[in-house]
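Given next are the chains, with one letter for each unit.
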Amino acid sequence: MGGTMDGTKQRRRGNTRQRIQDVALELFAEQGYEKTSLREIAERLEVTKAALYYHFKTKEEIIVSLFEDLTKPIEELIEWGRRQPHSLDTKQEIVRRYSKALTDAEPLFRFMQENQATVRELSIGEMFKNRMLGMRDIIIDPDADMVDQVRCISALFTMHAGMFVMKDLEGDPEEKRKAILEVATDLITQAHKGA
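Here goes a summary of the coordinates provided. Everything numeric here is computed off the predicted structure, so don't read it as measured data.

1. As for the nonpolar core
Thought 1: Grouped together as the largest cluster of nonpolar side chains are 54 residues, with contacts concentrated most on Ile41, Ile63, Tyr98, Phe111, Ile124 and Met135.
Thought 2: Mapped by element, the contributors of at least two residues to this core are α2 (16–31), α3 (38–45), α5 (59–82), α6 (88–104), α7 (106–114), α9 (123–139), α10 (146–165) and α11 (173–193).
Thought 3: Ranked by residue count, the leading element in this core is α5, at ten residues.
Thought 4: Ignoring sequence-local partners within four residues, the contact set of Met135 consists of Ile74, Leu77, Ile78, Ile94, Tyr98 and Leu156.

2. Brief notes about the packing of α2 against α5
Thought 1: Where α2 contacts α5, the two axes come as close as 10 Å, and the packing angle between them is 105 degrees. In terms of orientation, α2 and α5 fall into the roughly perpendicular class. Residues Arg17, Ile20, Gln21, Ala24, Leu25 and Phe28 of α2 touch α5, and the partners they reach there are Lys59, Ile62, Ile63, Ser65, Leu66 and Asp69.
Thought 2: Class assignment for the residues of the contact of α2 with α5 results in seven nonpolar, two polar and three charged.

3. Brief notes about the packing of α5 against α9
Thought 1: Closest axis-to-axis distance for the α5/α9 pair is 10 Å, and the angle between their directions is 10 degrees. One way to sum up the angle between α5 and α9 is to call them roughly parallel. Residues Glu60, Ile63, Val64, Phe67, Glu68, Thr71, Ile74, Glu75, Leu77, Ile78, Gly81 and Arg82 of α5 form the contact with α9, whose own contacting residues are Ser123, Ile124, Met127, Phe128, Arg131, Gly134, Met135 and Ile138.
Thought 2: A breakdown of the residues in the contact of α5 with α9 according to their chemical character gives eleven nonpolar, four polar and five charged.

4. A short note on α11
Thought 1: Between its first and last C-alpha, α11 extends 30 Å over 21 residues, near the 30 Å set by a 1.5 Å rise per residue.
Thought 2: Residues of α11 that are buried include every one of Lys176, Ile180, Leu181, Ala184, Thr185, Leu187, Ile188, Ala191 and His192, and no others.
Thought 3: Its buried side turned inward, α11 meets α6, α9 and α10.

5. Looking at the environment of Arg96
Thought 1: As for its placement among the helices and strands, Arg96 is situated in helix α6.
Thought 2: Between the C-alpha atoms of Arg96 and His55, which are 41 residues apart in sequence, the distance is 34 Å.

6. Re the side chain of Thr118
Thought 1: For Thr118, the location among the structural elements is in helix α8 (residues 116–121).
Thought 2: Judged by relative accessible area, Thr118 falls into the buried class, the value being 9%.
Thought 3: In this view, Thr118 contacts Tyr33 and Glu34; residues no more than four positions away in its chain are not counted.

7. Points about the pattern of salt bridges
Thought 1: Overall, the coordinates contain 14 salt bridges when judged by the stated rule.
Thought 2: Residues Arg44 and Glu26 are paired through a salt bridge, measuring 3.6 Å at the closest nitrogen-oxygen approach. Of the two residues, Arg44 is situated in helix α3 and Glu26 in helix α2; the sequence distance between them amounts to 18 residues.
Thought 3: One salt bridge in this structure joins Asp137 and Arg136, with 3.1 Å as the shortest N-O distance.
Thought 4: Taking the relative accessible area as the measure of exposure, Asp137 reaches 39% and is therefore partly exposed.

Rules and cut-offs
Just so you know, the residues in each chain are numbered from 1, in the order the chain's sequence is written. It should be noted that, the model being predicted, local features are given only for residues of pLDDT at least 70 and side-chain atom pairs only at 80 or more, the latter also being counted only at that level, while totals for whole chains, interfaces and linings use all residues. In computing side-chain values, all of the structure's heavy atoms are included and hydrogens and water are not. Remark: nonpolar core denotes a set of buried residues (Ala, Val, Leu, Ile, Met, Phe, Trp, Tyr, Cys) joined through side-chain atoms within 4.5 Å. Relative accessibility thresholds used throughout: buried, under 20% of the residue-type maximum; exposed, over 50%; partly exposed, between the two (1.4 Å probe, protein chains only). Helix and strand labels come from DSSP, where a helix needs a run of H or I of at least four residues and a strand needs a run of E of at least two; each type is numbered from the N terminus. Contacts are assigned to residue pairs with any non-hydrogen atoms lying within 4.5 Å of each other. Note on method: axes are straight lines fitted to C-alpha atoms, helices fitted across the in-contact stretch only, with angles between N-to-C directions ranging 0 to 180 degrees. An angle counts as roughly parallel when it lies under 35 degrees, as roughly antiparallel when it exceeds 145, as roughly perpendicular when it falls between 65 and 115, and as oblique in every other case. Each residue gets one of three labels, nonpolar for Ala, Val, Leu, Ile, Met, Phe, Trp, Tyr, Cys and Pro, charged for Asp, Glu, Lys and Arg, and polar for the others, Gly among them. To estimate the expected span of a helix, subtract one from its residue number and multiply by 1.5 Å. The term salt bridge refers to a side-chain nitrogen of Lys or Arg lying within 4 Å of a carboxyl oxygen of Asp or Glu.

Listed below in structure tokens is the structure:
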């Protein structure tokens, strides 16, 4: 397996299970989830299918494990946010942490965006929906007026859309990430001006 790895992969390269996840995600991105077989994943890894089976029995097990591993910071953020007051400082911190979590999980979210029909059929579709409902619950103030609730939800969607729409635009990825974060933070701040 040649070539240089991006930062996320370098951080995650620690063990065989993670290598399987990384290679599977690469193949899913290259040729699609449905067209990728466990045999092809094993071949790319240069291991036997039996060695792959030791860790994962199905492609769905691989994608579910990736989802659980890469979205764990989001789950932790939701748990943290539930214990915090619905203050502007809290919500700005939620947006900052969510931006980081999305950046770290970008290959997974790219897979989910490009394979929406498959994701709906897999258990990760329901898991993702539950994560998004959890984020909604910590980012909106239930006592705020509807416009301000929409602004808070829009901050989350701004970060999701930014990850996909901005990738094809010219410019430094970190500068784009900062710009997306600034717009999301502006929405949160604007929602609190009326509070």
